[in-house]
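Spelled out, the chains give:
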Amino acid sequence: MEGKIVKRLWLTLIVLVVASVLVACSDNDSDLKEKENEETKTNEWEVSPSFKLGDYDVIGKEGSVAIIEQPIVANQIDNYTFFLWGDDSTSLLGPIRIEATHETTGDMEKVIVANADSENEELVWEGPSPFLSGERAFVTLDLLFPYEGLWKLDVYVNNNKIGNLTVEVNRN
């Protein structure tokens with residue numbers, strides 16, 4: 001009888017120790033995720049880093065989304081080439097969508113220009129499907145930012161978020 005009680009006590013002690021370890025690990029994961037979220041929010045409003053992609057200088061995040069580095073001027077239509085990476089080539093099939101959010105105002109704006117330089121010119125949420133090229137895709141879009149400042153571009157293909165980048169738009 002005494003042996004059974006000792007075994008139960010040991011078993012209870014082991015269960016308590018294992019549970020404590022699991023809770024401690026869970027707390028560390030939560031702290032790590034919280035720290036990553038804070039860093040993301042801080043970095044969200046810094047111009048995305050630049051890197052070399054073949055012959056191009058681009059800004060963004062390799063393996064996610066990048067744009068050829070060039071001056072961006074408010075109220076001026078220009079074309080910009082985006083490079084996109086996905087889990088597989090099928091994740092890059094479908095229309096591209098850009099949700100552009102201004103840092104100061106928080107306004108989310110349409111910035112893709114459809115039918116540029118024509119009487120049917122209009123700002124739209126979605127543009128054409130990117131072209132697949134090996135492990136990534138690319139698409140050139142006409143964009144128009146209504147005012148200067150930092151803009152976060154959330155980029156989607158076929159309604160699946162590919163990534164985001166932050167660009168600086170300068171005064172005209």
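Below you will find a few notes about this structure. This structure is a prediction, so every number in the text was calculated from the model and none was measured.

## Some words on the pattern of salt bridges
Under the definition given, this model contains five salt bridges. Its salt-bridge partner being K52, residue D57 comes within 3.3 Å of it at the nearest N-O pair. Where R171 meets E148, a salt bridge forms, and the shortest distance between an N and an O atom there is 3.0 Å. On the criterion of sequence distance, the pair formed by R171 in the segment after β13 (160–169) and E148 in the loop between β11 (136–143) and β12 (149–157) is long-range, its members being 23 residues apart. When its relative accessible area of 63% is taken as the criterion, R171 is described as exposed. A residue is classified by how much of its surface remains accessible, and E148, at 35% relative accessible area, is partly exposed. Salt bridges sharing partners connect three or more residues here, namely K152, D154 and K161.

## Points about the side chain of S48
Mapped onto the elements of the fold, S48 is located in the loop between α1 (2–44) and β1 (50–53). Engagement of the side chain of S48 in a polar contact is seen with the backbone nitrogen of T166, the distance being 2.7 Å. Among residues more than four places away in sequence, those in contact with S48 are I59, G60, L165 and T166.

## Things to note about the packing of aromatic side chains
Under the criterion given, the structure shown has four aromatic pairs. With a centroid separation of 5.7 Å and an interplanar angle of 45°, the aromatic rings of Y56 and F83 are classed as tilted. One end of the pair, Y56, is in strand β2 (residues 56–61); the other, F83, is in strand β4 (residues 78–85), and 27 residues separate them in sequence. The class for Y56 is partly exposed, based on a relative accessible area of 41%. Considering the side-chain rings of Y147 and W151, the 5.3 Å spacing of their centres and the 45° angle between planes classify their relative orientation as tilted. Under the relative-accessibility criterion, Y147 is labelled partly exposed at 25%. Exposure remark for W151: the relative accessible area of 0% places this residue in the buried category. Ring pairing ties together the aromatic residues F145, Y147 and W151, which thus form one cluster.

## Points about the pairing of β2
Consecutive residues of a regular strand have side chains that alternate between opposite faces of the sheet. Here β1 runs beside β2; their pairing, made up of four bridges, is antiparallel. Bridge assignment links K52 to a residue of β2, and that residue is D57. Connecting the antiparallel pair β1 and β2 is a turn made up of two residues, with G54 showing a positive phi of about 65°. In the sheet, β2 pairs with strand β3 (residues 65–68) via four bridges, with the strands oriented antiparallel.

## A look at the nonpolar core
Among the nonpolar cores identified, the biggest contains 28 residues, and F82, I98, L143, F145, L153 and V167 are the most heavily contacted of them. Of all elements in the fold, only β3, β4, β5 (96–102), β11, β12 and β13 reach the threshold of two or more residues within this core. In this structure, I98 is in contact with F82, E109, V111, I112, W125, L141, L143, L153, D154 and V155, ignoring residues within four places of it in sequence. With seven residues, the next largest nonpolar core counts F51, A66, I68 and F83 among its residues.

## A look at unusual backbone geometry
Even without being glycine, N115 reaches a positive phi, approximately 55°. Structurally, N115 can be placed in the loop between β7 (112–114) and β8 (122–124).

Quick notes on the rules
Residues numbered from 1 in each chain as written. Predicted model: local features only at pLDDT ≥ 70, side-chain atom pairs only at ≥ 80, totals over all residues. Heavy atoms only, no water. Salt bridge = Lys/Arg side-chain N within 4 Å of Asp/Glu carboxyl O. Helix = DSSP H or I, 4+ residues; strand = E, 2+ residues; numbered from the N terminus. Buried < 20%, exposed > 50% of the residue type's maximum accessible area, 1.4 Å probe, protein only. Polar contact = N/O pair within 3.5 Å; in protein donor to acceptor, adjacent residues only side chain to side chain. Contact = heavy atoms within 4.5 Å. Phe/Tyr/Trp six-rings, centres within 6.5 Å; stacked < 30°, edge-to-face > 60°. Pairing = 2+ DSSP bridges. Core = buried A, V, L, I, M, F, W, Y, C linked by side-chain atoms within 4.5 Å.

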